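Chain residues, written in single-letter form:
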Amino acid sequence: MTAPSNSAARGRDVDELEIAPENGWNALYLDGEWVPAGDRELIDVENPATRTTVTRVPSGTEDDVDEAYAIAEEAQAEWAERPPQERAAIVSEACELLGEYADDLATLFAVECGGVQLKADFEIQLAQGTMDVGAGLAMRDGGRRKDSVTPGKENLLVREPAGVVGVITPWNFPLYLTSRVVAPAIALGNSVVLKPDENTPVTGGLVLAKAFEEAGLPDGILNVVPGYGHEIGDHFSGHSVPSVMSFTGSSEVGRGVGQRAVGSYTEPALELGGNNAHVVLEDADLERAIDAGAFGSFTHQGQECISINRHLVHESLYDEYVAGLADRAEQLPIGDPLEEETLVGPVINESQRDKIVGFVEESVASGATVEAGGGHDGLFVEPTVLSDVTGDMPIACNEHFGPIAPVIPFESDEEAIRIANDTEYGLSGSVHSTDVARARDVADAMETGMVHINDQPLNDEPHIAFGGVGASGLGRYNDEWILETLTTLKWISIQREPREYPY
Ligand code: NAD
């Protein structure tokens with residue numbers, strides 16, 4: 001395997017794409033203005049396939065964070081007063097624009113986060129889906145009237161926007177994971193300050209600012225501060241202005257973000273890591289289970305919170321499953337994501353690669369066997385299948401976030417459930433069986449926020465609750481569940497007749 005050496009974006013300068021702002025991406029987006037980097041430090045955005053710099057963005061400072069929150073706070077009340085259909089129309093227009101810019105976005109996904117065309121298609125579809133549903137929330141604010149225990153009183157539960165929403169997102173599905181918060185937040189009358197991941201400041205933030213700017217969003221409602229999490233993250237998440245702190249990322253960082261948010265009386269909404277199990281029972285349709293297993297492990301190089309982290313396979317099917325999965329892994333075309341036939345691109349950066357490779361090496365040293373792959377070149381990690389794996393090996397007990405499929409045998413449904421639940425995470429999972437009632441029993445016993453029968457864990461639909469339990473997070477995203485998070489209920493009672501007080 002040889003890493004591609006051609007330069008970035010096959011001749012397409014990302015600062016000159018149609019979607020790019022007039023002076024390129026090297027700016028913060030504050031109060032409706034593209035503020036140039038000035039004397040701020042710069043972040044080099046690197047193409048993980050070629051290891052070349054594709055653009056630079058400012059490294060935002062704590063002062064920038066303060067300014068962005070002050071702008072958002074000032075702008076929010078007037079935005080909340082706008083008619084809901086006007087707010088919805090702007091979100092819908094931004095959603096349309098993403099579709100119009102799909103080619104530019106696919107290039108950006110490739111050069112900024114190593115995403116292949118298939119992943120670009122998924123991500124644009126997911127982003128547009130969540131924006132579409134998000135826009136609709138403007139008209140569904142869900143206030144209620146309730147009778148009172150006090151004679152002559154009427155109770156109203158009025159739903160109001162939360163206020164300012166702070167958003168921190170990761171690099172793996174940057175546009176989607178950002179739009180699933182930003183779109184409903186804006187539709188519901190909030191303002192937003194967004195800090196995208198330092199690996200993907202363009203697709204994770206600045207492109208959305210561009211789409212909303214073109215869609216006519218008033219100044220100050222969406223503000224984007226690119227920056228390093230380790231430099232401005234604590235200040236951002238512990239700030240006194242936001243009412244909601246939406247964080248998507250690792251459980252380790254998320255725990256600190258949640259603690260700092262609560263310390264400022266800010267509601268945390270945390271979508272964190274996973275260690276998802278793909279469980280193949282003894283009566284499974286083997287081919288279906290293998291097809292699903294390959295897709296769930298290797299799509300976007302396994303870099304999704306809901307990727308399969310562990311394959312648990314009944315001992316009677318184990319050898320055939322491992323051979324079938326290894327065969328699939330070996331056939332996947334690896335290469336530059338800009339090449340149309342590529343299905344497996346690079347992982348995002350060196351520290352992720354070193355972590356993945358380290359887990360594989362340590363697990364092999366503890367007795368795991370490499371059945372396919374096992375190598376790497378630059379940031380390209382081969383789709384790898386490991387057999388003879390036990391649940392306590394590093395590749396299985398950690399979220400590896402790579403194109404690695406460790407396969408663990410089990411003897412009974414009870415043992416499969418015990419292994420699947422032997423993790424602090426609880427995000428997604430899957431169960432294969434030709435007996436749906438049996439699969440359902442296993443699904444019920446899996447301690448996760450989401451389980452998919454005769455499929456694999458990679459599922460997200462814009463109108464279905466998404467989220468996990470345990471170290472996988474707090475709260476649910478999408479549709480009415482994110483509406484709960486992004487609004488607050490106020491009890492207004494009206495005493496319509498004079499009330500009798502005891503004195
Ligand atoms: P990460 O936690 O390292 O970074 C995520 C974001 O947090 C980035 O924007 C980063 O700059 C910021 N950050 C870093 N330190 C911070 C700090 N001290 N305070 C505030 N923000 C800080 O995560 P990652 O490795 O980039 O992303 C992968 C992780 O995200 C995996 O664990 C994956 O499972 C998880 N994830 C979860 C979901 C979900 O919906 N549950 C979706 C995608 C990814």
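Rules of the game
Residues numbered from 1 in each chain as written. Predicted model: local features only at pLDDT ≥ 70, side-chain atom pairs only at ≥ 80, totals over all residues. Heavy atoms only, no water. Buried < 20%, exposed > 50% of the residue type's maximum accessible area, 1.4 Å probe, protein only. Helix = DSSP H or I, 4+ residues; strand = E, 2+ residues; numbered from the N terminus. Pairing = 2+ DSSP bridges. Right-handed = clockwise from strand over helix to strand, strands pointing away. Expected span 1.5 Å × (residues − 1). Contact = heavy atoms within 4.5 Å. Near = heavy atom within 4 Å. Polar contact = N/O pair within 3.5 Å; in protein donor to acceptor, adjacent residues only side chain to side chain. Areas by Shrake-Rupley, 256 points an atom, 1.4 Å probe, with all protein chains shown as cover. 1 Å grid on protein atoms, 1.4 Å probe; cavity = no way out; pocket = protein on both sides within 12 Å on 5 of 7 lines; lining within 4 Å. Sits in = over half its atoms within 2 Å of the grid points. Salt bridge = Lys/Arg side-chain N within 4 Å of Asp/Glu carboxyl O. Axes fitted to C-alpha atoms, helices over the stretch in contact; angles between N-to-C directions. Domains from an automatic or database assignment. Buried area = accessible area lost by both parts, 1.4 Å probe. Parallel < 35°, antiparallel > 145°, perpendicular 65-115°, else oblique. Left-handed = near helix turned anticlockwise from the far one by under 90°. Points joined across faces, edges and corners; volume = space filled by probe spheres on them. Nonpolar A, V, L, I, M, F, W, Y, C, P; charged D, E, K, R; others polar. pLDDT = per-residue confidence, 0-100. Phe/Tyr/Trp six-rings, centres within 6.5 Å; stacked < 30°, edge-to-face > 60°. Lys NZ or Arg CZ within 6 Å of the ring centre and 35° of its normal.

Caption draft 1: The arrangement of the pairing of strand S19 (residues 429-432) in detail. Residue alternation in S19 divides its side chains into two sets, Gly-429 and Val-431 and Ser-430 and His-432, and both sets are buried. Relative to S19, strand S12 (residues 276-280) runs parallel, the two being bridged by four bridges. If you follow His-278 over to S19, its bridge partner there is Ser-430. Sheet topology note: the S19/strand S20 (residues 452-453) ladder contains two bridges and is parallel. Of the residues in S20, the one forming a bridge with Val-431 is Ile-453. Each parallel crossover has a hand, and for S19 linked through helix H14 (residues 436-445) to S20 it is right-handed.

Caption draft 2: Quick look at helix H2 (residues 84-100). The terminal C-alpha atoms of H2, which comprises 17 residues, lie 25 Å apart, in line with the 24 Å expected from a rise of 1.5 Å per residue. Turning to H2, its buried residues number three or more, namely Arg-87, Ala-88, Ile-90, Val-91, Ala-94, Cys-95, Leu-97 and Leu-98. Against helix H1 (62-81), helix H3 (102-113), helix H4 (117-137), helix H5 (174-187) and helix H6 (202-215) lie the buried residues of H2.

Caption draft 3: Highlighting the site of the ligand. Trp-171, Glu-198, Ser-250, Leu-272 and Glu-399 are the nearest of the 31 residues found near the ligand. Thr-169 places a main-chain nitrogen or oxygen 2.8 Å from an oxygen atom of the ligand. Interatomic distance of 3.4 Å between a side-chain N/O atom of Glu-271 and a nitrogen atom of the ligand. Notes on the ligand: free accessible area 840 Å², of which the protein chains cover 89%. The pocket occupied by the ligand, as judged from atoms lying within 2 Å of grid points, is the largest pocket. Only H5, helix H7 (229-237), strand S10 (244-248) and helix H8 (251-263) provide two or more residues apiece to the shell around the ligand.

Caption draft 4: Highlighting the pattern of salt bridges. Evaluated as defined, the whole model comprises 23 salt bridges. For Glu-123, the salt bridge goes to Lys-119, with nearest N and O atoms at 2.7 Å. Here Glu-123 pairs with Lys-119, and both are found in helix H4, just four residues apart, close to one helical turn. Of the residues examined, Glu-123 reaches a relative accessible area of 0% and is grouped as buried. Close ionic contact of Asp-444 with Arg-440 constitutes a salt bridge, the shortest N to O distance being 3.0 Å. A residue pair is termed a helical-turn pair when its members lie 3 or 4 positions apart in one helix, as Asp-444 and Arg-440 do in helix H14 at four residues. By relative accessible area, Arg-440 is classed as partly exposed at 47%.

Caption draft 5: Seen up close, unusual backbone geometry. The backbone of Asp-31 shows a phi angle near 55 degrees, a positive value even though the residue is not glycine. Summarising the element assignment, Asp-31 is placed in the loop between strand S1 (27-30) and strand S2 (33-36).

Caption draft 6: Molecular detail of the sheet that holds strand S18 (residues 404-410). In spatial order, the strands read S14-S17-S18-S13-S12-S19-S20; together these seven strands make up an open sheet with mixed pairing. On the outer flanks of this sheet lie strand S14 (369-372) and S20, each paired with one strand and no other. Contacting S12, strand S13 (308-314), S14, strand S17 (384-387) and S18, helix H10 (residues 318-331) crosses the sheet at an angle of about 175 degrees to S18.

Caption draft 7: Representation of the domain arrangement of the protein chain within the structure. Domain boundaries assigned for the protein chain yield domain 1 (8-271 + 464-489) and domain 2 (276-453). Using C-alpha coordinates to define each centre, domain 1 is positioned 31 Å away from domain 2. Taken together, the contacts link 33 residues of domain 1 with 33 residues of domain 2. A combined buried area of about 2500 Å² lies between domain 1 and domain 2, and 66% of that area is made up of carbon and sulfur atoms. Linking domain 1 with domain 2 are one salt bridge, by the criterion used here. With a closest N to O distance of 2.6 Å, Glu-350 and Arg-51 form a salt bridge. Scanning the region where domain 1 abuts domain 2 turns up nine residue pairs in polar contact (both at pLDDT 80 or more). Of all the secondary structure elements, the ones that give two or more residues to the side of domain 1 that touches domain 2 are H3 and H4.

Caption draft 8: Representation of the packing of helix H9 (residues 286-298) against H10. Contact pair H9 / H10: the axes reach a minimum separation of 9 Å and the direction vectors enclose 45 degrees. One way to sum up the angle between H9 and H10 is to call them oblique. In terms of crossing hand, the pair formed by H9 and H10 is right-handed. Contact residues: Leu-286, Glu-287, Ala-289, Ile-290, Asp-291, Gly-293, Ala-294 and Phe-298 in H9; Glu-320, Tyr-321, Gly-324, Leu-325, Arg-328 and Ala-329 in H10.

Caption draft 9: Just the layout of surface pockets, in detail. Of the pockets and cavities examined, the largest pocket occupies roughly 1200 Å³. Around the largest pocket, the lining comprises 49 residues; the ones closest to its centre are Trp-171, Asp-197, Ser-250, Val-253 and Gln-352. Of all the secondary-structure elements, those providing two or more residues to the lining of the largest pocket are strand S3 (42-46), H7, S10, H8 and helix H11 (350-365). Within the lining of the largest pocket, the residues separate by chemical class into 18 nonpolar, 17 polar and 14 charged. Counting contributing residues per domain, the lining of the largest pocket is built from domain 1 (8-271 + 464-489) and domain 2 (276-453), each supplying no fewer than three. The computed volume of the second largest pocket comes to approximately 380 Å³. In terms of lining residues, the second largest pocket is bounded by 20 residues, among which Leu-126, Phe-173, Leu-458, Asn-459 and Asp-460 are the most central. Those elements giving two or more residues to the lining of the second largest pocket turn out to be H4 and H5.

Caption draft 10: Layout of the confidence of the model for the protein chain. Predicted confidence across the protein chain gives a mean pLDDT of 96, with 98% of residues reaching 70 or more. Confidence drops under pLDDT 50 across residues 2-9; counting only partners more than four residues distant or on other chains, this segment forms 19 contacts.

Caption draft 11: How the structure looks around the packing of aromatic side chains. Applying the stated criterion to the full structure yields four aromatic pairs. On the numbers, 4.7 Å between centres and 50 degrees between planes, the contact of Tyr-29 with Trp-34 is tilted. Ring geometry for Trp-171 against Phe-401: centres 5.6 Å apart, planes inclined by 85 degrees, an arrangement best described as edge-to-face. Taken together, the residues span a long stretch of sequence, with Trp-171 in the loop between strand S7 (164-168) and H5 and Phe-401 in the loop between helix H12 (394-397) and S18 at a distance of 230 residues. As far as the burial class goes, Trp-171 and Phe-401 line up, both buried. Taking NZ or CZ as reference, Lys-119 lies 5.2 Å from the ring centre of Phe-109, over its face. The ring of Phe-173 has Lys-119 lying over it, and the distance from NZ or CZ to the ring centre is 4.4 Å.

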